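One letter stands for each residue in the lines below.
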Amino acid sequence: MSHAMITPKSASSLHGARLPKWYAVAVAVGSVALGLGISAVAGLDSSIQWALIAAVLFIVGSYVLSATVEGKRQAKDRTATSLVWVAFIIAVIPLASLIWETLKRGVKVLDGYFLTHSMGVVADTEPGGGIYHAILGTLEQVGIASLISVPIGVLTAIYLVEYGRGKLAQAVTFFVDVMTGIPSIVAGLFILSLWIIILDMGYSGFAGSLALCILMIPVVVRSTEEMLKLVPNELREASLALGIPKWRTILKVVLPTSIGGITTGVMLAIARITGETAPVLLLVWGTSVINANPFQDPQASLPMYIYLQYQNSGGEGAAYDRAWAAALTLIAFIMILNLVARGIARWKAPKTGR
């Protein structure tokens, strides 16, 4: 019996024609050029308009070229890929623009003096001053809120995933969902009514931390709950089969396996509350001097500092530059938190392999 041999020539004939790898770049360049041309002819001055025209031309051009050369089936795949790239660029451009604008305006007065001095007796319209008192207040308020919220959130998530059954677990899940959508101003008004008006405890950084806890706990619960659900049940069953108590299985198996995701969720929750202004405005107020005691008297914070400086600047002057520099510091602070979270997650992640 003879067997037919497939030669390289016959094998290549089994595949249809394909576009070169650089075709996407060529289509993108052509789309941008056509978009600029159409905008110039139509008299469109907005960059957003010609960018949207270029995006539509890129998607249509990719489909037409691919359908002509490779067929409609491959053209649909390339169109989906083009849509993904366009969506990615649309999402990245505002973020990159925000970072660039903040960096460009914030570096004007951002230096060691600015980071290590408070406003003190410096008027908002005068040059000088700094954000040391605001950094100290933000660190203390967010730190206290995290110390309260993280244990409560993680333990609540452990209960819901590992133990929660029946109506109590359903009630807890319902209230966590409700709390997730609570506006920050509502959390601030609740603490204002309870802590300051009813209990007469006074304005302080701790009052602001209590409002931040209301915003942070549901985020920690939800993120931790999802991470715990991703832990394979086989790991739990193997541990329990060895006679290890459930609490120890959770402590030694479940939590170490999911610690990376839990840490990331906690850092996202911290980043969410770090930039909140409404609770600080209602409960902490603000001050131009250093107050290292979060349990007594008004205290500064970075979001409040940015708001006050911009409000008093009129869009120009020293206060305007300080507002941008403080905003850049806040962004850098959140980026550092995320880098620390990634480092902890990588350090604490379960080791794989032998």
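Residues numbered from 1 in each chain as written. Predicted model: local features only at pLDDT ≥ 70, side-chain atom pairs only at ≥ 80, totals over all residues. Heavy atoms only, no water.

On to the UniProt feature "domain: ABC transmembrane type-1" (unreviewed entry) in the protein chain. Following the UniProt record, one finds the feature "domain: ABC transmembrane type-1" (unreviewed entry) at residues 135-341. When the span residues 135-341 is considered, its composition is 79% helix and 0% strand, and the gap between its end C-alpha atoms is 20 Å. (UniProt positions renumbered as here; feature names shortened; annotations may be inferred. Helix = DSSP H or I, 4+ residues; strand = E, 2+ residues; numbered from the N terminus.)

Together, Phe-190, Leu-194, Ile-197, Ile-198, Leu-199 and Met-201 make up a nonpolar patch on the protein surface, roughly 620 Å² of accessible area in all. For Phe-190, the position within the fold is in helix H8 (residues 184-198). (Patch = residues over 30% accessible without salt bridge, like charges linked within 9 Å, V, L, I, M, F, W, Y side chains within 5 Å. Areas by Shrake-Rupley, 256 points an atom, 1.4 Å probe, with all protein chains shown as cover. Salt bridge = Lys/Arg side-chain N within 4 Å of Asp/Glu carboxyl O.)

Considering the arrangement of structural elements, one finds Ile-59 in helix H3 (residues 47-69). Separated by 22 residues in sequence, Ile-59 and Thr-81 have C-alpha atoms that sit 9.1 Å apart. For Ile-59, the contacting residues outside a window of four places in its chain are Thr-79, Ser-82, Leu-83 and Val-86. (Contact = heavy atoms within 4.5 Å.)

With that out of the way, let us pick up the confidence of the model for the protein chain. Scored by pLDDT, the protein chain has a mean of 86; 94% of the residues are at 70 or more. The least confident element of the protein chain, judged by mean pLDDT, is helix H1 (residues 8-13) at 44; the most confident is helix H6 (residues 132-163) at 94. Note on residues 1-14: pLDDT under 50 across the span, and 1 contact to partners over four residues away in sequence or across chains. (pLDDT = per-residue confidence, 0-100.)

A separate point is the UniProt feature "transmembrane region" (unreviewed entry) in the protein chain. Residues annotated in UniProt with the feature "transmembrane region" (unreviewed entry) correspond here to residues 21-42, 48-69, 81-100, 142-161, 173-197, 203-221, 253-273 and 323-345. The span residues 173-197 is 88% helix and 0% strand, and its two end C-alpha atoms sit 30 Å from each other. Regarding residues 203-221, the helix share stands at 89% and the strand share at 0%, and the terminal C-alpha atoms are separated by 28 Å.

Our next topic: the pattern of salt bridges. Per the stated rule, a full pass over the model turns up 8 salt bridges. Where Arg-236 meets Glu-162, a salt bridge forms, and the shortest distance between an N and an O atom there is 2.9 Å. Of the two residues, Arg-236 sits in helix H10 (residues 233-241) while Glu-162 sits in helix H6, which places them 74 residues apart along the sequence. When its relative accessible area of 7% is taken as the criterion, Glu-162 is described as buried. (Buried < 20%, exposed > 50% of the residue type's maximum accessible area, 1.4 Å probe, protein only.)

Counting 40 residues, the largest nonpolar core has Ile-191, Trp-195, Met-216, Leu-228, Ile-270, Ile-273 and Leu-283 as its most contacted members. Elements represented by at least two residues in this core include exactly H6, H8, helix H9 (205-229), helix H11 (246-274), helix H12 (278-283) and helix H14 (318-348). By residue number, the principal contributor to this core is H9, which donates 11 residues. If we ignore the near neighbours within four places in the chain, the residues touching Leu-283 are Gly-188, Ile-191, Leu-192, Ile-196, Tyr-203, Ser-204, Ala-207, Gly-208 and Ala-211. (Core = buried A, V, L, I, M, F, W, Y, C linked by side-chain atoms within 4.5 Å.)

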